[in-house]
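Topology and contacts: notes
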Amino acid sequence: MDGGGDGGGGAAYNPRTVEEVFRDFKGRRNGMIKALTTDVQEFYRLCDPEKENLCLYGHPNEHWEVNLPAEEVPPELPEPVLGINFARDGMMEKDWLSLVAVHSDAWLLAVAFFFGARFGFDKADRKRLFNMMNDLPSIFEVVAGTAKKQSKEKSSVSNNSSNRSKSNSKRGSEPKPKYSKPEPKDEEEEEGVEEEDEDDDDEQGETQCGACGESYAADEFWICCDLCENWFHGKCVKITPARAEHIKQYKCPSCSNKRARS
């Protein structure tokens with residue numbers, strides 16, 4: 001279990017500004033996404049239907065925890081949905097994970113707006129907080145793969161994107177701009193090169209991590225799965241640049257899990 005911390009998901013931590021609440025939301029979200037994607041085998045094992053009502057908690061430090069609900073009534077923070085373990089063996093695994101993801105999204109919103117109410121956010125603050133959270137794909141969208149599909153649809157207008165992914169997947173890093181800017185020759189040629197570079201930057205900006213759902217940033221190490229062709233932060237799938245150099249064919253945790261079960 002990647003986790004730790006108290007059963008209430010960090011009750012001692014009280015973010016007071018919109019930015020602090022958003023960081024809290026983002027940390028909890030990333031932890032829960034790990035549980036349902038990269039750490040899914042451990043999460044599945046911990047959700048034993050023979051145990052009592054279990055909850056999935058996300059913590060602000062991006063860790064996750066499967067635990068019994070808080071005994072304190074009323075709890076310090078809103079509680080996640082109870083009994084996620086009971087449906088584990090009665091549903092297809094994909095459907096069960098999607099159901100947990102939906103309830104996790106609802107819990108994250110509840111916690112964020114609990115802090116907003118507790119510290120007196122006004123209408124403008126609440127709207128700004130919601131917009132910041134809404135800019136990220138939901139946990140359900142990440143788990144169900146719709147966030148990846150949306151990203152693929154945006155980038156599919158260019159065949160160069162697919163070719164570039166294939167040629168760079170062995171090195172495990174996100175493609176860089178295609179050229180180093182040459183000395184200007186004439187105005188028409190220079191304008192054409194600038195437009196090509198802008199299109200390339202747009203494609204990179206639309207790429208989202210298959211694990212956490214966040215967009216590509218130029219200073220981050222990424223690796224592409226050779227099976228599903230989705231990109232991942234190296235830190236999200238525990239791959240370093242040095243290790244990537246020795247991987248002939250990289251398979252993401254999701255593709256590896258599918259092959260293991262089949």
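Since the structure is predicted, the reported quantities are computational estimates derived from the model, not experimental observations.

About the criteria used
- Residues numbered from 1 in each chain as written.
- Predicted model: local features only at pLDDT ≥ 70, side-chain atom pairs only at ≥ 80, totals over all residues.
- Heavy atoms only, no water.
- Helix = DSSP H or I, 4+ residues; strand = E, 2+ residues; numbered from the N terminus.
- Buried < 20%, exposed > 50% of the residue type's maximum accessible area, 1.4 Å probe, protein only.
- Contact = heavy atoms within 4.5 Å.
- Core = buried A, V, L, I, M, F, W, Y, C linked by side-chain atoms within 4.5 Å.
- Salt bridge = Lys/Arg side-chain N within 4 Å of Asp/Glu carboxyl O.
- Polar contact = N/O pair within 3.5 Å; in protein donor to acceptor, adjacent residues only side chain to side chain.
- Pairing = 2+ DSSP bridges.
- Phe/Tyr/Trp six-rings, centres within 6.5 Å; stacked < 30°, edge-to-face > 60°.
- Lys NZ or Arg CZ within 6 Å of the ring centre and 35° of its normal.

Section: the environment of Asn53
- Along the chain, Asn53 falls in the loop between α2 (40-46) and β1 (55-58).
- Its relative accessible area of 32% is what places Asn53 among the partly exposed residues.
- As for Asn53 and Ile84, which are separated by 31 residues in sequence, their C-alpha atoms are 7.3 Å apart.
- Apart from residues lying up to four places away in sequence, Asn53 is in contact with Asn67, Leu68, Pro69, Leu82, Gly83, Asn85 and Phe86.

Here we look at unusual backbone geometry
- Here the bond from Val73 into Pro74 is cis, since omega is -10 degrees, no more than 30 degrees from zero.
- For Pro74, the position within the fold is in the loop between β2 (64-67) and α3 (93-118).
- Despite not being glycine, Glu229 shows a phi value in the positive range, around 65 degrees.
- In this structure, Glu229 sits in the loop between β3 (222-224) and β4 (231-233).
- If you check the backbone angles, Lys238 has positive phi at about 60 degrees while not being a glycine.
- On the basis of relative accessibility, which here comes to 56%, the residue Lys238 falls in the exposed class.

Overview of the nonpolar core
- One finds Leu36, Phe43, Leu56, Val66, Leu129 and Ile139 to be the most contacted residues of the largest nonpolar core, which totals 36 residues.
- Among the elements of the structure, α1 (18-36), α2, β1, β2, α3, α4 (123-134) and α5 (139-144) are those that each provide at least two residues to this core.
- Per-element tally for this core: the top contributor is α3, with nine residues.
- For Phe43, the contacting residues outside a window of four places in its chain are Ala35, Leu36, Leu56, Trp64, Val66, Ile84, Trp96, Leu97 and Val100.
- In this structure, Ile223, Cys224, Ile239 and Cys252 belong to the second largest nonpolar core, which totals 19 residues.

Details of the pattern of salt bridges
- According to the stated counting rule, one finds seven salt bridges in the structure shown.
- Linking Lys238 and Asp39 is a salt bridge whose minimum nitrogen-to-oxygen distance equals 3.9 Å. Within this pair, whereas Lys238 is found in the loop between β4 and α9 (241-244), its partner Asp39 is found in the loop between α1 and α2, the two being separated by 199 residues in sequence.
- Arg88 serves as the salt-bridge partner of Asp89, at 2.9 Å between the closest nitrogen and oxygen.

Quick look at the side chain of Ser98
- The topology assignment puts Ser98 in helix α3.
- For Ser98, a relative accessible area of 11% translates into the label buried.
- A polar contact of 3.0 Å, which involves the side chain of Ser98, links it to the backbone oxygen of Lys94.
- If we ignore the near neighbours within four places in the chain, the residues touching Ser98 are Phe140 and Val143.

What about the pairing of β1?
- The two faces of β1 match: Cys55 and Tyr57 on one face and Leu56 and Gly58 on the other face are all buried.
- Both β1 and β2 contribute to a ladder of four bridges, which runs antiparallel. Across the sheet, the residue bridging to Leu56 is Val66, located in β2.
- Hairpin connection between β1 and β2: a loop of five residues separates the two successive antiparallel strands, and Glu62 in this loop has a positive phi of roughly 70 degrees.

Focus: the packing of aromatic side chains
- Using the criterion set out here, one finds six aromatic pairs in the structure.
- Here the aromatic rings of Phe22 and Phe25 are separated by 6.3 Å at their centres, their planes lie at 20 degrees, and the arrangement is stacked. Highlighted residues: Phe22 and Phe25, both in helix α1, separated by three residues, approximately one helical turn. By the burial criterion, Phe22 is buried, and Phe25 matches it.
- Between Phe114 and Phe115, the aromatic rings sit 5.9 Å apart at their centres with planes inclined by 65 degrees, giving edge-to-face as the arrangement.
- You can call Phe115 buried: its relative accessible area is 0%.
- The structure contains a cluster of three or more aromatic residues connected by ring pairs, namely Phe43, Tyr44, Trp64 and Trp96.
- A cation over a ring is seen here: Arg88 above Tyr44, with NZ or CZ 4.3 Å from the ring centre.

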